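As a plain string of letters, each chain reads:
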Amino acid sequence: MPPSTTDSTFRPVVWLMTGRALGQAAAFLIPVLLVRAFDADTFGSYRRLFLLYGTLYGIAQLGLAESLYYFLPRSPASGGKLAANAMLGLGAIGVACLALLSAARTPVAQLLGDAGLAGLVPWLALFLAPMLVSSVLEIAMVSRREHGAATLAYFATDLSRAALLILPALLVGSLRALLIGAVAFAFARMLATLVWLGRRMGELRFDRALLAQQLGYAVPFALAVTVETVQANLHQYVVSASCDAAAFAVYSVALLQVPLVDQAATTTGSVLMVQMGEALQQRQPEQVRALWHDTVARLALLFFPLVTLLLVAGREVIVTLFTARYADSVPLFRLAALGILLLALQSDAVLRVLAETRFLLGLNVLRLALVAVLIGPFLARFQLAGAVLVVLVAGLVGKAVGLARIAHLLGLGLVGLLPWRRLAVAMALSAGAGLLAFSLRAVIGWPPLPRLLAVGAAFVLGYALLGRMLGVLPRLAPSGWIAWLRGTAIPADGRP
C-alpha cells in the first residue's frame, strides 16, 4: 500500500526538524561557552559583530537562494544553471560586501558603538562572503527532495561552526581568533557546497535568461525580508550605539532565543498555510475558522506555560547558562519572554495564505516605524528595559492590526476571532502550574542548576496533571501525546 499524503509529507518534515534541532543544540552552546572564555567587554563586542553579520546575511541574499525553492522543482533539468546563477550572484554580493565593509570599517564600527572594532570588520566580511555563496546548499537539497542529505547538512554545519568558533576562542582567548575560525569554517562550507552541487546538479553554468527570471521572482521577496530584518534588529543597533560593550552584552543575553520556539511556530504556521489553503480552495469557511482556532489554541497550550516557567525561573535560566556575571539580564529576560506569547497568534501565516502580501509589507513598515519613533524616548525613560518594551509594543500593535484584517477578510467578529475559552483554559493551567513552581522555588535554597531542574519538573508535572484533569491534554503515556500532536486529542470546534 502506498504511503498516505500525510505520511509522505510528515516524514521529511520530521527529518528536517530533527537535523535543525540537533544543529540548533550545538549552535545554542556557542554563546553559553563564549561567556566563559571572554570577559563582558569582549563578549559584548562579539555580539555586536555578529549582530551585523546576521543583519547582512538576511538582507544581502536578495532572495536568490530562496528562489531555488520555486525554480528547481519546476525546472529540474536546468538545476545546474539555476544553482550556478544563484551562487554567482551571491558571490558577487559577497565580494561587494567585503569591499564596502573593508573600506568603511571605521564608520561601520562606530555604527556598532565601538570604533575599536574597525580592525575586525574585514574579518567579519570575509566570513560573510562564502557563507552567502553556500546558502544555496540545503535549499537545493530540499528542492530535490534529498531530505536525508539536508538533515545531515544542517547538523554538520551547525556542529562544525560551533567547533570552529568556540575552540579558537577557548584556546587563544581573543575575538580575532574566533573570527579566523569562522572564516575557515565558511570557506570549508563553500567548498563542500561546490562539490555537492557539481556532483548532483550536473554542469554548473551561468545562464543570463534564467538569472533574469530568478531576479524577477526574488527582488520583491527581498524587499519584504529587508524591511522585516531591519525592523527586527533596529533596537539592538540603537542599544549597541548608546551603551558600552559590557552593557550590550547584558542586553543581548536577555534576548536569549529559547531553543525550538521559533521552529515550532514557523513549522506550525507552514502547516496551517497548507491546510487553510486547501480549505479556502474548497470553499469551507467553517473549516478555515476551525483550523485557525485549533492552531492558536495548540500553540497557546505550548507557549503560555513556557512563558510562565521562564517568568518563575528566569534567574536560574540566565545564571545557569551565562553565570552570575549576567544576573542583571534577568529582569530584561523575563520581560522579553512575554514576546513568545504573540507567537501563538500566527496571523502572518493566515495573511500570506489570503494573499495579503502587500498588507504584510505595510505591517512590517508599521512595526519598523514604531520602533524607530519610540525607542529613543523609551530608552531615556526606562533604560535597557525601554528597548525591550518598544519591541513588545511594536509586536502587539502589529498583531492587533493583523488580527483586525483577518477578522474582516474571514467575516469574524470579536467573539469568533479567537478561541477565547481555550485560551482562558491555557492561561489557567499555566497560572496553576506556575503557582506550584513558584512555591517550590521559594522554599528551596539550592544552587541554580538543581533548583532550575526541580522547579521545571514541578511545573511540567503540575501542568500535565491539571491539563489531564480538565481533559485538554492527553494522558501522560507517549501514545496519548502522539495522538494529540496529530490533532486527534482536542476537537477543532472551539471547545476544550
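Residues numbered from 1 in each chain as written. Predicted model: local features only at pLDDT ≥ 70, side-chain atom pairs only at ≥ 80, totals over all residues. Heavy atoms only, no water.

Draft legend 1. Region of the structure containing the overall build of the protein. When helices and strands are tallied, the protein shows 22 helices and 0 strands. In summary, the protein has a C-alpha radius of gyration of 23 Å against a globular reference of 23 Å for 496 residues, a match within 12%. The principal-axis extents of the C-alpha atoms in the protein amount to approximately 60 × 55 × 45 Å. Per-residue burial for the protein yields a buried fraction of 48% across its 496 residues. Taking contacts inside the protein between residues at least 6 apart in sequence as the whole, the part at least 24 apart equals 79%. For the protein, the exposed area adds up to about 23,100 Å²; of that, 67% sits on carbon and sulfur atoms. The distance from the centre of the 37 positive side-chain charges to the centre of the 21 negative ones in the protein is 3 Å. (Helix = DSSP H or I, 4+ residues; strand = E, 2+ residues; numbered from the N terminus. Rg over C-alpha atoms; globule rule 2.2 N^0.38 Å. Buried < 20%, exposed > 50% of the residue type's maximum accessible area, 1.4 Å probe, protein only. Contact = heavy atoms within 4.5 Å. Areas by Shrake-Rupley, 256 points an atom, 1.4 Å probe, with all protein chains shown as cover. Lys, Arg positive; Asp, Glu negative; His and termini not counted. Charge placed at Lys NZ, Arg CZ, Asp CG, Glu CD.)

Draft legend 2. Representation of the side chain of R441. Inspection of the secondary structure puts R441 in helix α20 (residues 420-443). Polar side-chain contacts of R441 include one of 3.3 Å to the backbone oxygen of V312. Only 3.1 Å separates the side chain of R441 from the side chain of E316, close enough to count as a polar contact. Those residues in contact with R441 that sit more than four places away from it in its chain are V312, R315, E316, R334, R451 and V455. (Polar contact = N/O pair within 3.5 Å; in protein donor to acceptor, adjacent residues only side chain to side chain.)

Draft legend 3. Seen up close, unusual backbone geometry. In this structure, T323 takes a positive phi of about 75° despite not being glycine. By secondary structure assignment, the location of T323 is in the loop between α14 (314-322) and α15 (330-337). Even without being a glycine, Q383 presents a positive backbone phi close to 55°. Within the fold, Q383 resides in the loop between α17 (357-382) and α18 (384-410). Judged by relative accessible area, which is 51%, Q383 ranks as exposed.

Draft legend 4. Up close: a nonpolar patch on the surface. Together, L167, L170, L171 and V172 line one region of the surface with nonpolar side chains, adding up to about 440 Å² of accessible area. Turning to its location among the elements, L167 is positioned in helix α8 (residues 147-172). With a relative accessible area of 47%, L167 lands in the partly exposed category. (Patch = residues over 30% accessible without salt bridge, like charges linked within 9 Å, V, L, I, M, F, W, Y side chains within 5 Å. Salt bridge = Lys/Arg side-chain N within 4 Å of Asp/Glu carboxyl O.)

Draft legend 5. Focus on the pattern of salt bridges. Counted under the stated rule, the structure contains 7 salt bridges. A salt bridge links R189 to E138; its shortest N-O distance comes to 2.8 Å. With a gap of 51 residues between them, R189 in helix α9 (residues 175-200) and E138 in helix α7 (residues 137-143) connect regions that are remote in the sequence. Here R189 and E138 have matching classes, each one buried. When salt bridges with common partners are traced through the structure, they connect D294, R298 and R422 into a single cluster.

Draft legend 6. Molecular detail of the packing of helix α2 (residues 40-60) against helix α6 (residues 121-133). The geometry of α2 relative to α6 is characterised by a closest axis approach of 10 Å and an angle of 35° between their N-to-C directions. For the pair α2 and α6, the crossing hand works out as right-handed. Between α2, through L49, F50, L52, Y53, L56, Y57 and A60, and α6, the contact on the second element is made entirely by V121, L124, F127, L128, M131 and L132. Its residues assigned to classes, the contact of α2 with α6 comprises 13 nonpolar, no polar and no charged. (Axes fitted to C-alpha atoms, helices over the stretch in contact; angles between N-to-C directions. Left-handed = near helix turned anticlockwise from the far one by under 90°. Nonpolar A, V, L, I, M, F, W, Y, C, P; charged D, E, K, R; others polar.)

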